[in-house]
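# Commentary on secondary and tertiary structure
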Amino acid sequence: MRKILVTGAAGFIGYHLARRLADQGHAVDLLDNHARGVRDAALSDLARRPNVRTIEADLTEPALAERLDTDYGLIVHLAAIIGVAQVRSRPYQVLTANVAMVQTALALARRQTDLGRFLFASTSEIYAGTLQAFGIPVPTPETTPLTAGDLSEPRTTYMLSKLYGEAMCRFSGVPFTIVRFHNVYGPRMGRSHVVPQLLEKAHRLPAGAALGVASAGHRRSFCYVDDAVEYLTRMAALPACAGEVFNIGTQEPELPIGAVARVILDAVGRDNPVEPLPDTPGSPNRRAPDMGKAIAATGYRSRIDLPDGVRRTYAWYRDHVFEAVEDCAL
Ligand SMILES: NC(=O)c1ccc[n+]([C@@H]2O[C@H](COP(=O)([O-])OP(=O)(O)OC[C@H]3O[C@@H](n4cnc5c(N)ncnc54)[C@H](O)[C@@H]3O)[C@@H](O)[C@H]2O)c1
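Residues numbered from 1 in each chain as written. Predicted model: local features only at pLDDT ≥ 70, side-chain atom pairs only at ≥ 80, totals over all residues. Heavy atoms only, no water.

### What about the UniProt feature "domain: NAD-dependent epimerase/dehydratase" (unreviewed entry) in the protein chain?
Those residues carrying the UniProt feature "domain: NAD-dependent epimerase/dehydratase" (unreviewed entry) are residues 4-249 in this numbering. Annotated as residues 4-249, this span is 39% helix and 19% strand, and its ends, taken at the C-alpha atoms, are 23 Å apart. (UniProt positions renumbered as here; feature names shortened; annotations may be inferred. Helix = DSSP H or I, 4+ residues; strand = E, 2+ residues; numbered from the N terminus.)

Listed below in structure tokens is the structure:
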């Protein structure tokens, strides 16, 4: 049993990871300021477990590092300002707050007496600048050279905050592992992502109407959150993963978004047609991680296929969001 701090634990990946760690019997502290993470029944149930504590705090405050415990064996830093809407409306805060959060989390990590690992959540967006300037191999390996994107574009702030965060981890002196998530999906992920958005459209679609799908020909691979959590927990425990950077996602299948829409319609139990809409500006026509390094290091390969993951996700969204009696905070 280890004592573990998960930052951003009220959010999507943080909640699922914290629940898995609590199931394994670890003592888990859930830190969040609820800027985005929802206070729902699932989080309250988790917080009531005897081996779980909640810490409501703002990680952008440097003094927080002095107030928290110093006996964590593992710190997983997931807290960040994310999402296209936030990045477009508050690019300056995305840069400054995300970097401040990494700084506080690393200052805390340095005060620990016996820290095994600091896990930092980076992103597939980190490859976006190279993609725009030079093109990238797909599936994309971790060794791909990184390029800063167009600095006049608000969206670049998010990848820059992660690029800077990765470099901070490397020179912090703490034992770190960097993970670059690619298209993780599942229950409790909010509404601003292609999977819940298409699920909601399909759920509310009138009989016979077409499901409109933007960038229908663009290819993506998707990783169900339980698989992402499995990679994370293995990487945190394996000594060979210290000092390394890994993609976390699912390499195959890489499907056109139009075909993903079909899987979504099947899960919802509809046979409406799919209607391709214009491509979203800036959306890459392919994105998939090269998972060779992560699979070799962890001995794990994603197990939950897209139809299964989409069915599980739909069941949750139908019951907790689309047909919820009270308005869900998602
Ligand atoms: N979901 C994905 O597919 C994906 C892809 C790439 C990268 N990531 C990265 O993984 C991490 C987790 O992503 P997620 O999808 O769970 O995001 P999320 O938005 O659901 O979770 C982030 C959490 O951080 C919290 N937070 C924000 N500011 C805070 C602050 N100042 N102090 C304390 N807590 C704060 C939010 O309230 C939220 O609960 C993020 O760092 C994100 O950049 C996720």
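### Some thoughts on the sheet that holds strand β12 (residues 255-256)
Here three strands make up an open sheet; going across it, the order is β12-β9-β14 and the pairing mixed. Among the strands making up the open sheet, the edge pair consists of β12 and β14 (286-287). Sheet analysis places strand β9 (residues 219-220) next to β14, joined by two bridges and oriented parallel. For Arg219, the partnering residue across the bridge sits in β14 and is Arg286. (Pairing = 2+ DSSP bridges.)

### Focus: the pattern of salt bridges
As enumerated under the stated definition, the model contains 22 salt bridges in all. The partner of Arg188 in a salt bridge is Asp40, with the nearest N and O atoms 2.9 Å apart. Highlighted residues: Arg188 in the loop between β7 (184-185) and α8 (194-203) and Asp40 in the loop between β2 (27-32) and α2 (41-47), separated in sequence by 148 residues. Between Arg67 and Glu61 there is a salt bridge, with the nearest N and O atoms lying 3.8 Å from each other. Assessed through its relative accessible area of 38%, Glu61 is described here as partly exposed. Overlapping salt bridges, with partners in common, bring together Lys3, Asp29, Arg53, Asp69 and Asp71 in one network. (Salt bridge = Lys/Arg side-chain N within 4 Å of Asp/Glu carboxyl O. Buried < 20%, exposed > 50% of the residue type's maximum accessible area, 1.4 Å probe, protein only.)

### A word on helix α5 (residues 91-110)
The end-to-end C-alpha distance of α5, which contains 20 residues, comes to 29 Å, matching closely the 28 Å that a straight helix rising 1.5 Å per residue would cover. Those residues of α5 not exposed but buried are Val94, Ala97, Asn98, Val99, Ala100, Met101, Val102, Thr104, Ala105, Leu106, Leu108 and Ala109. (Expected span 1.5 Å × (residues − 1).)

### Overview of the packing of helix α1 (residues 12-23) against helix α9 (residues 225-237)
Relative to each other, α1 and α9 sit at 60 degrees, their axes nearing to 10 Å. What the angle tells us is that α1 and α9 run oblique. Judged by the twist between their axes, the crossing of α1 over α9 is right-handed. Contacts from Phe12, Ile13, His16, Leu17, Arg20 and Leu21 of α1 reach α9 at Val225, Asp226, Val229, Glu230, Leu232 and Thr233. (Axes fitted to C-alpha atoms, helices over the stretch in contact; angles between N-to-C directions. Parallel < 35°, antiparallel > 145°, perpendicular 65-115°, else oblique. Left-handed = near helix turned anticlockwise from the far one by under 90°. Contact = heavy atoms within 4.5 Å.)

### Details of the environment of Gly190
By the secondary structure assignment, Gly190 is in the loop between β7 and α8. You can call Gly190 buried: its relative accessible area is 3%. With 42 residues separating them along the chain, Gly190 and Ala148 place their C-alpha atoms 28 Å apart.

### Quick word on the packing of aromatic side chains
Considering all chains together, one arrives at five aromatic pairs under this definition. Ring plane angle 85 degrees and centroid distance 5.1 Å describe the contact between Tyr231 and Tyr300, whose orientation is recorded as edge-to-face. On the criterion of sequence distance, the pair formed by Tyr231 in helix α9 and Tyr300 in the loop between α11 (292-298) and α12 (306-322) is long-range, its members being 69 residues apart. Accessibility expressed as a relative area gives 4% for Tyr300, which makes it buried. By way of ring pairs, the aromatic residues Tyr185, Phe222 and Tyr224 are connected into one cluster. The positively charged end of Lys293 is found above the aromatic ring belonging to Phe246, 5.0 Å away from the centroid. (Phe/Tyr/Trp six-rings, centres within 6.5 Å; stacked < 30°, edge-to-face > 60°. Lys NZ or Arg CZ within 6 Å of the ring centre and 35° of its normal.)

### Describing the packing of α8 against helix α10 (residues 257-268)
Packing of α8 against α10 leaves a shortest axis separation of 9 Å and a crossing angle of 50 degrees. When the axes of α8 and α10 are compared, the pair comes out oblique. The way α8 lies across α10 gives a crossing that is right-handed. In this structure, α8 contributes Val194, Val195, Leu198, Leu199, Ala202 and His203 to the contact, and α10 contributes Ile257, Ala261, Ile264, Leu265 and Val268. Residues belonging to the contact of α8 with α10 are distributed by class as follows: 10 nonpolar, one polar and no charged. (Nonpolar A, V, L, I, M, F, W, Y, C, P; charged D, E, K, R; others polar.)

### Here we look at the environment of Thr96
With respect to the helices, strands and loops of the structure, Thr96 is situated in helix α5. Accessibility expressed as a relative area gives 37% for Thr96, which makes it partly exposed. Separated by 61 residues in sequence, Thr96 and Thr157 place their C-alpha atoms 9.2 Å apart.

### Remarks on the nonpolar core
Judged by nonpolar contacts, the single largest core of 67 residues is most densely connected at Val6 and Phe181. If one sorts the elements of this core by residue count, α10 sits on top with eight residues. Dropping the residues within four chain positions of it, Val6 is found in contact with Gly14, Leu17, Ala18, Leu21, Val28, Asp29, Leu30, Leu31, Val76 and Leu78. By size, the runner-up hydrophobic cluster in this structure holds 32 residues, among which are Ile55, Ile75, Ala105 and Met168. (Core = buried A, V, L, I, M, F, W, Y, C linked by side-chain atoms within 4.5 Å.)

### Focus on the site of the ligand
The full set close to the ligand counts 28 residues, and Asp32, Arg36, Leu78, Tyr158 and Lys162 are the nearest of them. When the ligand sits alone it has 820 Å² of accessible area, and the protein chains cover 94% of it. The residue inventory of the shell around the ligand, partitioned by class, reads 15 nonpolar, nine polar and four charged. (Near = heavy atom within 4 Å. Areas by Shrake-Rupley, 256 points an atom, 1.4 Å probe, with all protein chains shown as cover.)

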